[in-house]
Amino acid sequence: MSLELKLSGKTAIVTGGSAGIGLATAKALYSEGVNVAIASRNQERLDRAVAEIQSLPTPGAKVIAISADLTKAEDIEKVVSTTLAQFNQIDILINNAGSARAGSFLESTDDLFLDAWNLKLLGYIRLVRAVVPHQKSRGDGRIVNIIGGAGRTPRPNFLAGGTSNAALLNFTKGISKELAEYKIRINAISPGATATERAETLARQNAQAQGITVEEVKAQNIQSIPLKRIAQPEEIAALALFLVSDLAASITGTEIIVDGGSTPGV
Ligand SMILES: NC(=O)c1ccc[n+]([C@@H]2O[C@H](COP(=O)([O-])OP(=O)(O)OC[C@H]3O[C@@H](n4cnc5c(N)ncnc54)[C@H](OP(=O)(O)O)[C@@H]3O)[C@@H](O)[C@H]2O)c1
């Protein structure tokens, strides 16, 4: 049996597609022949990402960049309308943009929580709400929410991100029942430590909160992972590709954890 994804000719939105897990996923989709719209704020990073993606071999896909701040409802509408104007369809949504800060709880402000919830929790929910009517009319849709291990395993230095992730797990499972009526599948991937720019930023913030060096934080992180390895963004991308393909046609409302065995509970 060969694992053929058969994604060629489909169209995807990848939020936060200019870096890290989002960029790896956009590249993987494009290489499979999927037209990709990447959305994030910084135009320079978007341009660089488009050039990187276009340098890959593809069976005929296109990539576009949409400059958008996904904390803003109007920008979310823009992402969807621009993608539809360009490609006429949105088969796949990869909700991925997130940037919650780490830090000591007693020094945290309301803004730290509100920023995290606004971008990731509300941002993901708004995009699902904007994309689903279109997918519903076509009787097909595939959505992956990139969430994160802190949703199930809270950490005192990452409560803004953790609470956002926990709520998104609830949302993913909850909405999957309704979306199933229209043959729209929605699943979550929860990465553990993954080698991206964001992981570097979090290590710096954690080091500051704990009063230790960045190297010590990284050593602690690796030590706490049973498989003793940090995941690469391409591993998350490969799983996202599987989940949006028909190989996963019976999978919806589920979460797959990619954390080297770190999650302690069932
Ligand atoms: N890396 C990890 O260890 C890890 C672990 C668990 C979960 N995750 C989750 O995985 C997802 C991706 O993380 P990553 O490590 O790949 O992050 P990353 O390398 O920092 O990339 C984040 C992407 O999101 C975009 N972005 C940030 N704020 C945005 C905003 N307001 N509007 C639009 N785009 C925005 C960034 O571009 P601009 O800044 O230019 O907008 C960038 O393209 C996040 O949801 C994160 O919580 C990551």
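(A) Structural detail: the overall build of the chain. When helices and strands are counted, the chain shows eight helices and seven strands. For a compact globule of 266 residues, the expected C-alpha radius of gyration is about 18 Å, and the chain comes in at 18 Å, within 12% of that figure. Projected onto its principal axes, the C-alpha coordinates of the chain cover approximately 50 × 45 × 40 Å. Classification of the 266 residues of the chain by burial places 42% in the buried group.

(B) Main features of the sheet that holds strand E2 (residues 35-40). Taking strand neighbours across the sheet as the criterion, the seven strands line up as E3-E2-E1-E4-E5-E6-E7 in an open arrangement whose pairing is parallel. Two strands close off the open sheet at either side, each with one partner strand: strand E3 (63-67) and strand E7 (255-258). Each neighbouring strand pair of the sheet contributes to a mean axis angle of 15°, computed without reference to strand direction. Across three bridges, the pairing between strand E1 (residues 11-15) and strand E4 (residues 92-95) is parallel. Counted as the bridge partner of Ala12 is Ile92 from E4. Relative to strand E6 (residues 184-191), helix H5 (residues 159-180) is tilted by about 165°, and along the sheet it contacts strand E5 (141-146), E6 and E7.

(C) Main features of the site of the ligand. Taken together, 29 residues form the shell around the ligand, and within it Gly16, Gly20, Gly98, Gly148 and Arg198 come nearest. Listed by contribution, the elements that provide at least two residues to the shell around the ligand are helix H1 (20-31), helix H4 (110-138) and helix H6 (197-210). A per-class count over the shell around the ligand returns 10 nonpolar, 13 polar and six charged.

(D) Representation of the packing of H6 against helix H7 (residues 214-223). Axis separation between H6 and H7 bottoms out at 8 Å; the angle between their running directions is 105°. Relative to H7, the element H6 lies roughly perpendicular. For the pair H6 and H7, the contacting residues are Ala203, Arg204, Asn206 and Ala207 in the first and Val214, Glu216, Val217 and Lys218 in the second. Its residues assigned to classes, the contact of H6 with H7 comprises four nonpolar, one polar and three charged.

The rules we used
- Residues numbered from 1 in each chain as written.
- Predicted model: local features only at pLDDT ≥ 70, side-chain atom pairs only at ≥ 80, totals over all residues.
- Helix = DSSP H or I, 4+ residues; strand = E, 2+ residues; numbered from the N terminus.
- Rg over C-alpha atoms; globule rule 2.2 N^0.38 Å.
- Buried ≥ 20, exposed ≤ 12 C-beta atoms within 10 Å, placed from the backbone.
- Pairing = 2+ DSSP bridges.
- Axes fitted to C-alpha atoms, helices over the stretch in contact; angles between N-to-C directions.
- Contact = placed C-beta atoms within 7 Å.
- Near = placed C-beta within 6 Å.
- Nonpolar A, V, L, I, M, F, W, Y, C, P; charged D, E, K, R; others polar.
- Parallel < 35°, antiparallel > 145°, perpendicular 65-115°, else oblique.

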